[in-house]
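# Examination of the molecular architecture
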Amino acid sequence: MDERFATKKVRNIYKKIEAVDEVAGKFTLSMVIYSSNIIKAMDILDNADADLRKGKMLYQHNLMYMRMLIDCCTELQAVLLINKKERYYSNYFAGNETNRLKIGKQALTRAFLIEELDKVFEDIKEIYKECCNWIHPSKASIVRVAKYRKSGEEYVGYRGRIYTRMKKEKEDILKDFDYCVDVLYTLLSTLKLYYLRPDIAAKTEET
């Protein structure tokens, strides 16, 4: 998977924030650790033994991990939207749901934050919706198993696209996963910019 999370620049991003704001630095560290663990789990799956790789439903784990990665992005989006960031950090470290916070009358629900992300990062909403079929109990697994019984036939797969090979479908899923890593990296960089260069960082004021 994307190797940028193994670079010194990304590993130390929280330290640069922590030098300005200790609490913000700890929050950023938690985001980096969480997302790095997701990427590491994907690497383990991709390098699994041959028998596991042959499992026709293995790709569903990729979708589940991608959903978790986007959840991480929504938390970063939330803290970027809130002007008084200590409100977010207090809520976060108390273990409370982000949807308890509001900007004006708008609660910071997952759906709202996904919509906000989608304004800047194309297709995030569609990718998230697809991933939700696998993070929650649903009929998705049963439907997919039935479609894969006859190899070489066309089937409707990831994001409603037509496939004849699972390998191609998985390539599309992994391409979107890398895209989500890019989104996460951009959000982390924006948060760093907020603390290091507040004069030019993009901030959304509360109303």
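Residues numbered from 1 in each chain as written. Predicted model: local features only at pLDDT ≥ 70, side-chain atom pairs only at ≥ 80, totals over all residues. Heavy atoms only, no water.

Let's shift gears to the overall build of the protein. Across its full length, the protein carries ten helices and four strands. Going from the N terminus to the C terminus, the protein shows its helices and strands as α-α-α-α-α-α-β-β-α-α-α-β-β-α. Counting over 207 residues, the protein shows a buried share of 43%. When contacts within the protein are restricted to residue pairs at least 6 apart in sequence, those whose partners lie at least 24 apart make up 65%. Surface accessibility of the protein: about 11,400 Å² in total, with carbon and sulfur atoms responsible for 53%. (Helix = DSSP H or I, 4+ residues; strand = E, 2+ residues; numbered from the N terminus. Buried < 20%, exposed > 50% of the residue type's maximum accessible area, 1.4 Å probe, protein only. Contact = heavy atoms within 4.5 Å. Areas by Shrake-Rupley, 256 points an atom, 1.4 Å probe, with all protein chains shown as cover.)

Scanning the model with the defined rule gives eleven salt bridges in all. Among the salt bridges present, the one from Arg-159 reaches Asp-123, with a minimum N-O distance of 3.3 Å. Within this pair, whereas Arg-159 is found in the loop between β3 (155–156) and β4 (162–163), its partner Asp-123 is found in the loop between α7 (110–120) and α8 (124–135), the two being separated by 36 residues in sequence. Residue Asp-172 is joined to Arg-161 by a salt bridge in which the shortest nitrogen-to-oxygen separation is 3.5 Å. Of this pair, Asp-172 sits in helix α10 (residues 166–196) while Arg-161 sits in the loop between β3 and β4, placing them eleven residues apart in sequence. The buried category is assigned to Asp-172, whose relative accessible area is 12%. Overlapping salt bridges bring together Arg-67, Asp-71, Glu-75 and Arg-110 as one network. (Salt bridge = Lys/Arg side-chain N within 4 Å of Asp/Glu carboxyl O.)

Okay, the side chain of Asn-91 next. If you trace the backbone, Asn-91 turns up in helix α6 (residues 85–93). Not counting residues within four places of it along the chain, the set of residues in contact with Asn-91 comprises Asn-96, Glu-97, Thr-98, Arg-100 and Leu-101.

Core analysis: the biggest nonpolar cluster contains 52 residues, and Met-66 and Leu-191 have the highest contact counts within it. Those elements giving two or more residues to this core turn out to be α2 (13–18), α3 (22–46), α5 (59–81), α6, α7, α8 and α10. Excluding residues that lie within four positions of it along the chain, Met-66 makes contacts with Ile-127, Cys-131, Tyr-158, Ile-173, Asp-176, Phe-177 and Cys-180. (Core = buried A, V, L, I, M, F, W, Y, C linked by side-chain atoms within 4.5 Å.)

Counting across every chain of the model gives seven aromatic pairs. Ring centres 6.0 Å apart and planes at 80° place the aromatic pair Tyr-88 and Tyr-89 in the edge-to-face group. Tyr-89 shares its class with Tyr-88; the two are buried. Aromatic ring contacts, followed pair by pair, group Phe-27, Tyr-88, Tyr-89, Tyr-92 and Phe-93 into a single cluster. A cation over a ring is seen here: Lys-85 above Tyr-194, with NZ or CZ 4.2 Å from the ring centre. (Phe/Tyr/Trp six-rings, centres within 6.5 Å; stacked < 30°, edge-to-face > 60°. Lys NZ or Arg CZ within 6 Å of the ring centre and 35° of its normal.)

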